[in-house]
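# A look at the structure
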Amino acid sequence: MPRSTRNARSTVLLYVRGARLVFAHRPSLAVVTLVLLGATSLLPVLQPWLLGQVVDRLGRGDVDGGRAGTVALLAVGYALTLVLPALLMPVRQSLDSSLDAHAVGAVDRNVLDAGGRLADLTRLERPAFHDEAQQAVSSAGWVSRFAVFTQQAAGQCVTVLGLLLLVAGLSPWVAAALAVTVVPHLVAYRRMHRRQFETMADQSRPAREMDYCVRLTTSADGAKEVRVFGLGGWFLDRYQRLFARAYAEVRALRLRSLLVSAVCGLLPAVTLGGGFWYVAYQAGAGLLTVGAVAVYVNAVVQLEAGLFGLSVSLGLMFEVGLHLRQLFAFTDGASPGVALPPAGAALPAPARIRQGVEFADVAFAYPNDPAGSRPVLRGVNAVLPAGTVTAVVGDNGAGKTTLVKLLTRMYDPTTGQVRLDGRPLAAYDLTALRAVSGGVFQDFARFALTAGENIAVGADDGTATPERVRHAARAAGADAVVSSLPDGYDTPLTRRFDGGVDLSGGQWQKLATARGLLRDAALVVLDEPTAALDVDAERRLFDTFRALLAGRTGVLVSHRFSTVRMADQILVLENGVVVEAGGHAELLALGGRYATMFEMQAGRYR
Ligand SMILES: Nc1ncnc2c1ncn2[C@@H]1O[C@H](COP(=O)(O)OP(=O)(O)OP(=O)(O)O)[C@@H](O)[C@H]1O
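Keep in mind that this is a model prediction, so the values were computed, not measured.

What counts, and where the lines are drawn
- Residues numbered from 1 in each chain as written.
- Predicted model: local features only at pLDDT ≥ 70, side-chain atom pairs only at ≥ 80, totals over all residues.
- Heavy atoms only, no water.
- Helix = DSSP H or I, 4+ residues; strand = E, 2+ residues; numbered from the N terminus.
- Contact = heavy atoms within 4.5 Å.
- UniProt positions renumbered as here; feature names shortened; annotations may be inferred.
- Domains from an automatic or database assignment.
- Buried area = accessible area lost by both parts, 1.4 Å probe.
- Salt bridge = Lys/Arg side-chain N within 4 Å of Asp/Glu carboxyl O.
- Polar contact = N/O pair within 3.5 Å; in protein donor to acceptor, adjacent residues only side chain to side chain.
- Nonpolar A, V, L, I, M, F, W, Y, C, P; charged D, E, K, R; others polar.
- Near = heavy atom within 4 Å.
- Areas by Shrake-Rupley, 256 points an atom, 1.4 Å probe, with all protein chains shown as cover.
- Phe/Tyr/Trp six-rings, centres within 6.5 Å; stacked < 30°, edge-to-face > 60°.
- Buried < 20%, exposed > 50% of the residue type's maximum accessible area, 1.4 Å probe, protein only.
- Lys NZ or Arg CZ within 6 Å of the ring centre and 35° of its normal.
- Core = buried A, V, L, I, M, F, W, Y, C linked by side-chain atoms within 4.5 Å.
- Arc of directions from axis to C-beta.

The next point concerns the environment of Gly-379. Within the secondary structure, Gly-379 is located in strand S2 (residues 375-385). Residues Gly-379 and Asp-211 lie 168 residues apart in sequence; the distance between their C-alpha atoms is 41 Å. Here Gly-379 is in contact with Asp-361, Val-362 and Ala-363, once residues within four sequence places are set aside.

Quick look at the structure:
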């Protein structure tokens, strides 16, 4: 198939897919709009035709008897072509906004669904992904206008074609000349819209930075430091510099589009004027009737607006096409970065781990590391026996959280394997594996939901009954936090909405722990679960942890040796390698890295 045919085919398929996306939820609305569109777009064609009929009949003196009745009927028809658009305009506007609202919903659902399919962090932690996401979100605005732009362009096409046919009846040459004048307009608008689209893509990074400046000075994130260090002005300056640079590009684009509109708009206007001279000349020579001149004059007015409107609409449709392509590229590309087992061959996740988890010669480098493929883990070999808790300790940046990320399949190892009950982790069904994993993470989420919901979202399989939520809260020491809230479990935990309250760091951590312990997980990951807890809370959690983790396989990452001590086994990670492994007493007796770290921490309290 030739390339041009392939391109045309893919463009048609793209628009069909766009139409399916935005019309799928309200096909009836689309049909009503289409019928209305057909009726209204033919009115500007009927108008000059009816005028020509009236003028010709009056010129022939058809003013008595039945012929007068026909003239009157034609005149009423003409009047209706003026009145109907005014009557139908509000109906169309209301239908347009309905279509628009449904389209916004459809596009948002598509983006949300794509986000949900990103089952790991491989794409999410790439800076380019955030540019793509920003572009997809701004494309969503354009795509949601797809329905309105499509019907505008279709309506204008019908009107302009009808008017050209009408003019062709008077002079095919004038009609052909008018049709040709649209071409430079279309080409120029197409180029302009492409440029506009590219500018928007280029500006996604500065736009994200500008958005960050605005959010930082107006949101609660970093609010204290922004104020204490007086960073408001600093971020304002930064914003202004970014804005000035972005605006200069937009202004250049706007000036160019002004020039294009002025030049391209002249061409049809000159042709229409020349056409009038020609038609009048023909009428003077007795080759056309006065009615024909009236038809032309009326058609010219409609055509001038129609040709301009059509160029604008087709240009907009072209840009919508670019945005559709961008949006679909983003949503189609939203697939997991980790390897998935072939369909039907995935192993079911075990309800309880039988043998254990093994890290076999695991090495890992972040694919997005700006410093190059620097290995964060280098040949990690370790066994996490089933039904036991393994603690991982080490200096900042040693690779502890990275190890957890591999265990929870946020990434796949660069080389080596993580095995569960002797089988590679990658051979298991990912969703099922996630369903039997739980835990609390270092950067745990603070959902703007109620206290109860903040815990209940830990089990999305319908098992989060109020009793289980309460039980998990008690186990994590979060029950006292909840009972101090004005509406208990129904209290919204956010200052964003009325009636909401915020919690302290430690209180949030208790809630996150309750959430992490809610589901009956086979594998529990606890990444710094006590970092924000007071001594008493830590001790109580320590007491319940053993009971909570009974029968489960746990991994605990912590800098607090008081927490680490409860583990059955401790791994000491240094520069991405396990340098020591054993029980607390055993490692102390060894007198190595663990003993030094423990002594340093314990010594501070003596
Ligand atoms: N998404 C990422 N992309 C690139 N490099 C990363 C990413 N996350 C972490 N790193 C790097 O990997 C190394 C190990 O980080 P990791 O978070 O695993 O350390 P850690 O042992 O958990 O540290 P800490 O005790 O401070 O929490 C660090 O040098 C860090 O800069």
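This is not the end of the story, as more comes after the structure.
In the numbering adopted here, UniProt assigns the feature "transmembrane region" (unreviewed entry) to residues 29-50, 70-89, 258-281 and 293-318. A distance of 29 Å separates the end C-alpha atoms of residues 70-89, which is 100% helix and 0% strand. Counting secondary structure, residues 293-318 comes out at 100% helix and 0% strand; the distance between its end C-alpha atoms is 36 Å.

Examined at the domain level, the protein breaks down into domain 1 (11-201 + 260-332), domain 2 (353-436 + 522-606) and domain 3 (446-520). Taken over C-alpha atoms, the centre of domain 2 sits 26 Å from the centre of domain 3. The interface of domain 2 with domain 3 comprises 15 residues on the first partner and 10 residues on the second. Carbon and sulfur atoms supply 54% of the area that domain 2 and domain 3 bury against each other, a total of about 1,000 Å² over both sides. If you sort the residues of domain 2 by the area they bury against domain 3, Ala-532, Leu-548 and Arg-552 come out on top, with a joint share of 36%. Seen at the junction of domain 2 and domain 3, the total is zero salt bridges. Applying the counting criterion to the domain 2 and domain 3 interface returns three residue pairs in polar contact (both at pLDDT 80 or more). At the level of elements, helix H12 (430-435) and helix H17 (535-548) are the ones that each hand at least two residues to the side of domain 2 that touches domain 3. Ranked by the residues each element gives to the side of domain 2 that touches domain 3, the list is headed by H17, at four residues. Here the side of domain 2 that touches domain 3 is composed, by residue class, of 10 nonpolar, two polar and three charged.

In the vicinity of the ligand, 16 residues are found, and the nearest of them are Glu-125, Lys-400, Thr-401, Thr-402 and His-559. In the environment of the ligand, a nitrogen atom lies 2.6 Å from a nitrogen or oxygen atom belonging to the side chain of Glu-125. Asn-396 places a polar side-chain atom, nitrogen or oxygen, 2.9 Å from an oxygen atom of the ligand. Summarising the interface, the protein chains cover 74% of the accessible area of the ligand, which totals 630 Å² for the free molecule. A per-element tally of the shell around the ligand places helix H11 (residues 400-407) first, with four residues. Here the residues of the shell around the ligand sort into three nonpolar, eight polar and five charged.

This part covers the packing of aromatic side chains. Any two aromatic rings considered together are summarised by their centre-to-centre distance and by the angle between their planes. Applying the stated criterion to the full structure yields 15 aromatic pairs. Centre to centre, the rings of Trp-234 and Phe-235 are 5.1 Å apart; their planes meet at 85°, and the pair counts as edge-to-face. Taking 5.9 Å as the distance between ring centres and 10° as the angle between the ring planes, the aromatic pair formed by Phe-243 and Tyr-247 counts as stacked. Here Phe-243 and its partner Tyr-247 are both found in helix H9 (residues 232-284), four residues apart, which amounts to about one turn of the helix. Looking at Phe-243, the relative accessible area reads 40%, which means it is partly exposed. One aromatic cluster is present, formed by Tyr-212, Trp-234 and Phe-235 through successive ring pairs. Over the ring of Phe-328 we find Arg-17, and its NZ or CZ is 3.8 Å from the ring centre.

Grouped together as the largest cluster of nonpolar side chains are 48 residues, with contacts concentrated most on Val-393, Ile-455, Leu-493, Leu-511, Ile-570 and Tyr-594. Take this core: its biggest share by element is six residues, from helix H16 (residues 505-518). Residues from two domains meet in this core; each of domain 2 (353-436 + 522-606) and domain 3 (446-520) gives at least three. Aside from chain neighbours lying at most four places away, what touches Ile-570 is Ala-391, Val-393, Val-564, Glu-580, Ala-581, Gly-582, Gly-583, His-584, Leu-587 and Tyr-594. Within the second largest apolar cluster, 36 residues are counted, among which are Tyr-366, Val-404, Tyr-411 and Ala-522.

Another aspect to go through is helix H14 (residues 466-476). Buried residues of H14: Val-469, Ala-472, Ala-473, Ala-475 and Ala-476, and no others. Considered in projection along H14, the buried side chains sweep an arc of 165° and stay on one side of the axis. Just past H14, the residue Gly-477 takes up positive phi, approximately 75°.

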